[in-house]
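# Structure at a glance
Here is what each chain is made of, one letter per residue.
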Amino acid sequence: MKVSLFITCLADHFAPQVGEAVYRLLRRHGVEVDFPEGQTCCGQPSWNTGHLDDARDFARLYMKAFAKSEYIIQPSGSCAGHVRYFYPEMFPEGSRERQEAIAIGRRTYEFTEFMVRVLGVKDVGARFPGKAVFHNNCHMQRELKVQEEPLEMLRCVRDLELLELPRPDLCCGFGGAFSIKQPEISTAMADDKVDAIAATGANLIVSSDLGCLMHQGGRIEKRGLPIRTLHIAELLWEGVQQNVG
Amino acid sequence: MSAKTPFLERVEKALADDHLRGAVRYTAENLYLKRKAVMADLDVLAEKGEALGNFEELRARAQEIKRHTLAHLDAYLKQAAEQIRKNGGVVHWAKDAREANQIVLEICKKRGAKKLIKSKSMVTEEIHLNQALEAEGMEIVESDLGEYIIQLARETPAHIVIPAIHKTRRQIADLFGAVAGRELATDTKTLAGFARATLRQKFMTADVGVTGANFVVAETGTLCLVTNEGNGRLTSSVPPCQISVVGMEKLVPRLEDLAVMLNLLPRSATGQKITTYFNMITGPRRPGEPDGPEELHVIFLDNGRSNILATQYQEVLSCIRCGACLNSCPVYRQLGGHAYGSIYPGPIGTVLTPLLQGFDQWDELLQACSLCGACAENCPLGIQLHKHIIRLRGEAVAQGREHPLMRTALKAVHFAWTRPGVYKFVARSAHLGVKPFTRRREDGSEYLDNLPSIAAGWTNSRTMPAPARKPFHQRWAELQREEGAK
Ligand code: SF4
């Protein structure tokens, strides 16, 4: 099987190790991976801030870069949700681009969604001691309807205690440009979330979204709390190495 | 950044008010969880064939009813008006708030009415009816407990279903105590008892009862009131004259449509299977009937609604004001209602207010949303509130309503990132560009702090990861070489 990796602008800039983890986990399960040229950003920042024409340009860029890809894997539920849910909206009903957008949305997967639903892999053979909560991103739970898949994968990780997070549906307040435009509200939401997480006794926040993790992790660092944030692919890959090593 | 806008001042005030935030969070969470549980029950009942349908089915039916109604709104309004007249009621049409208030005033003047009692209604809040009447020297008293509390506090509702959501028991006891002239205990029995006794008096002496309507049935001209305290029933049966102010979108075509709506409204609003009181008012008192008003007026209000018809926002008019979107909104949860500054707060207010009243005062509300989509998920009419917020942001941006620095930043990103070569160059040099703001942790890893300009919005409360010295697309080439060497 052959898949294409869409790294997302955030992972490309701030967390290349997440891309590497996704790559290595896919390879480990016999999947061929390519990395199409010409990819940049899904365009969510433009869309969400009302720069709708600009967002369309990004959509076209993505559709072009991945035109030949059968499966497109993203380490982000948010960006995958944007592609699948909002790209079709950007083009007039009945247009060729609308059809393309719908088709590319169907071929686009968030990483754990692909692992569990397509590959049928829940247990990657990882060991990772810690007490974790999983934070599900809003697009991922509501638009992609991916909720159980990451939890199923985490439950298979040896020595990892997966704790229940109250109100897991609640947004953490990242929201892309929202986090900079409305920093006070965004931070109040982060505190709400982080307090709830701290109350579970977790020392680890796992997510499939770097945006949420940067936001929560950045707040945690300012507050000096003993909680680490980690992308799920990174945790799984670190865990595989620990288990093997 | 420029000086604080009134909106940001209100946000700051709300965020600094621990009482308010505690009270709002407690009640909103409670309502959210109750709704969730009762909808899960509904799905189980539906599975056993003991309900009209599960949540998704009922939502689809409600959407269809409203879609159809709004598509033929003029015909249904005409039908409703004819029926109301046939039943002995008087129908008025109000283009805007001023006209609606004027109509109420004239009815009162004709009857020599001075005292009014009102049951809970958002639309009369929207037109500021109380102020209009008080300015003419009339007394109007709110009979819904929550509305009564905020009337005493001289505030506006902080929630469309729970007007006093932001008030603690202590604050309520103090407000009532000021009316009673003595200190009151904070238990429900004392507070509700005091309100009941005081309001009964007002009911008995009122010249006019004012209500809204949750639904108006076009085929019969029936006004429907959904309440939990029975104040709607008293308001519409004790005073000799009833005036109902109704948003023109409140119609359903047939009586049987109510079955769908009544399955959804109480469940969505308060997590109740059914409401405590449901009143159907078809005309004034008939000869031989023991109660009900001798005169019944219905005022259909436009106030910006017809501008929403036949636009991409039309479904917003299908809102039944259940408040589920507020209870599930993570921003409302932090702020409560007053920070929005609009009569309708939360997600529905964020969308509806600029649509009804324009961008000038209200475009900023559109920013108070993280686009999480919880509102649309919980809305019993499936209104895609977050999508409408994006569309409205699009319109605002097209009109140049945007922070200039934000605009510059987004335009720069668009320029650079739609050109893959430029994108790569920028990504590779990013770590150099932010050098002055790069800090080192004890373990040697790097992060950013004290970023300038709009980015300070982030680093004032959060650290930021430092850009990688080698972005992934560069690392990719190495991974490929490694693979080739195997
Ligand atoms: S928009 Fe939907 S959830 Fe919000 S008040 Fe209206 S009907 Fe209820």
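Because the structure is predicted, anything quoted here is derived from the model rather than measured.

Moving on: the overall build of chain B. Of the regular secondary structure elements, chain B holds 22 helices and 13 strands. By principal-axis analysis of the C-alpha atoms, chain B measures approximately 100 × 50 × 45 Å. Sorting the 486 residues of chain B into buried and exposed places 56% on the buried side. In chain B, the proportion of contacts linking residues at least 24 apart, taken out of those at least 6 apart, comes to 70%. A total of about 20900 Å² of accessible surface is found on chain B, and carbon and sulfur atoms cover 53% of it. Placing the 63 positive and 54 negative side-chain charges of chain B at their respective mean positions leaves the two points 4 Å apart.

When you line up the elements, Ser 370 of chain B lands in the loop between helix H16 (359–362) and helix H17 (374–378). Sequence separation between Ser 370 of chain B and Gly 247 of chain B is 123 residues, and the spatial gap between their C-alpha atoms is 29 Å. Every residue in contact with Ser 370 of chain B, bar those within four places of it in the chain, is listed here: Cys 171, Gly 175, Phe 178 and Met 189 of chain A together with Pro 330 and Val 331 of chain B.

Time to look at the nonpolar core. Counting residues in each nonpolar core, the largest one holds 113 residues, and the members touching the most others are Tyr 87 of chain A together with Phe 215, Phe 300, Val 331 and Ile 348 of chain B. In this structure, Val 331 of chain B is in contact with Phe 178, Ile 185 and Met 189 of chain A together with Tyr 340, Ala 368, Cys 369 and Ser 370 of chain B, ignoring residues within four places of it in sequence. Within the second largest apolar cluster, 49 residues are counted, among which are Phe 35, Val 121, Leu 151 and Val 157 of chain A.

The next subject is the site of the ligand. Near the ligand, the surroundings consist of 13 residues, among which Cys 319, Cys 322, Gly 323, Cys 325 and Cys 379 of chain B are the closest. In terms of residue class, the shell around the ligand is made up of 11 nonpolar, one polar and one charged.

On to the domain arrangement of chain A. All names here are of chain A. Entries for chain A in the domain assignment read domain 1 (2–117) and domain 2 (123–244). Each of domain 1 and domain 2 has a C-alpha centre, and these two points are 21 Å apart. If you look at the interface, domain 1 gives 31 residues, while domain 2 gives 28 residues. In total, domain 1 and domain 2 occlude about 2400 Å² of area from one another, counting both sides; carbon and sulfur atoms represent 71% of this. Summed over the shared surface of domain 1 and domain 2, the number is one salt bridge. One salt bridge in this structure joins Arg 117 and Glu 149, with 2.5 Å as the shortest N-O distance. The tally of links between domain 1 and domain 2 comes to 11 residue pairs in polar contact (both at pLDDT 80 or more). Secondary structure elements with two or more residues in the side of domain 1 that touches domain 2: helix H1 (9–14), helix H2 (16–28), helix H5 (77–86) and helix H7 (111–119).

It is worth spelling out the interface of chain B and chain A at this point. Contacts between the two partners involve 71 residues from chain B, matched on the other side by 64 residues from chain A. Taken over both partners, the interface formed by chain B and chain A buries close to 6000 Å², and the fraction arising from carbon and sulfur atoms is 60%. When residues of chain B are sorted by the area they lose upon contact with chain A, Trp 417, Arg 462 and Phe 472 of chain B head the list and together hold 12% of the total. The interface formed by chain B and chain A includes 13 salt bridges. The closest approach of N and O atoms between Glu 89 of chain A and Lys 387 of chain B, which form a salt bridge, is 2.8 Å. Taken together, the links from chain B to chain A amount to 35 residue pairs in polar contact (both at pLDDT 80 or more). Residue contributions to the side of chain B that touches chain A peak at eight residues, all from helix H22 (residues 472–485) of chain B. Residue composition of the side of chain B that touches chain A, grouped by class: 36 nonpolar, 16 polar and 19 charged.

Under the counting rule described, the total for this entry stands at 19 aromatic pairs over all chains. Note on Tyr 62 of chain A and Phe 66 of chain A: the rings are 4.8 Å apart at their centroids and 40 degrees apart in plane angle, and the pair reads as tilted. On the accessibility criterion, Tyr 62 of chain A (2% relative accessible area) is buried. Owing to a relative accessible area of 0%, Phe 66 of chain A belongs among the buried residues under this scheme. Aromatic side chains Phe 174 of chain A and Trp 458 of chain B sit 6.1 Å apart centroid to centroid with 80 degrees between the ring planes, which places their arrangement in the edge-to-face category. Separated into two different chains, Phe 174 of chain A in the loop between strand E6 (158–162) and helix H10 (178–181) and Trp 458 of chain B in helix H21 (residues 456–459) make up a pair that spans both. Members of the aromatic cluster, joined through ring pairs, are Phe 6, Tyr 62, Phe 66 and Tyr 87 of chain A. The positively charged end of Arg 84 of chain A is found above the aromatic ring belonging to Tyr 109 of chain A, 5.9 Å away from the centroid.

With that settled, consider a negative patch on the surface. Residues and elements named next belong to chain B. The grouping of Asp 41, Asp 43, Glu 47 and Glu 57 at the surface amounts to a negative patch. Among the elements that make up the negative patch, the one with the highest residue count is helix H2 (residues 18–47) (three residues). Position of Asp 41 relative to the elements: it lies in helix H2.

With that out of the way, let us pick up the pairing of strand E2 (residues 115–118) of chain B. All names here are of chain B. Relative to strand E3 (residues 139–142), E2 runs parallel, the two being bridged by four bridges. Paired with Lys 115 across the strands is Glu 139, a residue of E3. Where E2 meets strand E4 (residues 208–211), three bridges bridge the pair, whose relative direction is parallel. Bridge pairing in E4 places Lys 118 opposite Val 210.

Turning to the packing of helix H8 (residues 145–152) of chain B against helix H9 (residues 169–180) of chain B, a few remarks are in order. Residue and element names in this part refer to chain B. Remark: H8 packs on H9, axes separated minimally by 10 Å, with the N-to-C direction vectors making an angle of 70 degrees. Between H8 and H9, the angle is such that the two are roughly perpendicular. For the pair H8 and H9, contact is made by Leu 145, Tyr 148, Ile 149 and Leu 152 and by Ile 172, Leu 175, Phe 176 and Val 179, respectively. Within the contact of H8 with H9, the residues separate by chemical class into eight nonpolar, no polar and no charged.

A word on the sheet that holds strand E12 (residues 446–448) of chain B. Residue and element names in this part refer to chain B. Reading across the sheet, the three strands line up as E11-E12-E13 and stay open at both edges, with antiparallel pairing between neighbours. A single partner strand is all that each edge strand has here, and the edge strands are strand E11 (438–440) and strand E13 (464–465). In terms of strand pairing, E11 meets E12 through three bridges, oriented antiparallel. Residue Arg 439 lies in a different strand from E12, and its bridge partner there is Tyr 447.

Once that is clear, we can look at H9 of chain B. Residue and element names in this part refer to chain B. Taking 1.5 Å of rise per residue, the 12 residues of H9 would be expected to cover 16 Å, and the 16 Å separating its terminal C-alpha atoms lies within 8% of that figure. Every buried residue of H9 is listed here: Ile 172, Ala 173, Leu 175, Phe 176 and Gly 177. With its phi angle positive at about 75 degrees, Gly 181 sits one or two positions after the end of H9.

Our next topic: the sheet that holds strand E6 (residues 222–227) of chain B. All names here are of chain B. Pairing within the open sheet is mixed, and its four strands lie in the order E8-E5-E6-E9. Each having just a single partner strand, strand E8 (251–252) and strand E9 (277–281) make up the two edges of the open sheet. Where E6 meets E9, five bridges bridge the pair, whose relative direction is antiparallel. By the bridge assignment for E9, Cys 224 is matched with Met 280. Sitting on the sheet, helix H12 (residues 257–270) touches strand E5 (215–217), E6, E8 and E9, and the angle it makes with E5 is about 170 degrees.

Definitions and limits used
Residues numbered from 1 in each chain as written. Chains lettered and ligands numbered in written order. Predicted model: local features only at pLDDT ≥ 70, side-chain atom pairs only at ≥ 80, totals over all residues. Heavy atoms only, no water. Helix = DSSP H or I, 4+ residues; strand = E, 2+ residues; numbered from the N terminus. Buried < 20%, exposed > 50% of the residue type's maximum accessible area, 1.4 Å probe, protein only. Contact = heavy atoms within 4.5 Å. Areas by Shrake-Rupley, 256 points an atom, 1.4 Å probe, with all protein chains shown as cover. Lys, Arg positive; Asp, Glu negative; His and termini not counted. Charge placed at Lys NZ, Arg CZ, Asp CG, Glu CD. Core = buried A, V, L, I, M, F, W, Y, C linked by side-chain atoms within 4.5 Å. Near = heavy atom within 4 Å. Nonpolar A, V, L, I, M, F, W, Y, C, P; charged D, E, K, R; others polar. Domains from an automatic or database assignment. Buried area = accessible area lost by both parts, 1.4 Å probe. Salt bridge = Lys/Arg side-chain N within 4 Å of Asp/Glu carboxyl O. Polar contact = N/O pair within 3.5 Å; in protein donor to acceptor, adjacent residues only side chain to side chain. Phe/Tyr/Trp six-rings, centres within 6.5 Å; stacked < 30°, edge-to-face > 60°. Lys NZ or Arg CZ within 6 Å of the ring centre and 35° of its normal. Patch = residues over 30% accessible without salt bridge, like charges linked within 9 Å, V, L, I, M, F, W, Y side chains within 5 Å. Pairing = 2+ DSSP bridges. Axes fitted to C-alpha atoms, helices over the stretch in contact; angles between N-to-C directions. Parallel < 35°, antiparallel > 145°, perpendicular 65-115°, else oblique. Expected span 1.5 Å × (residues − 1).

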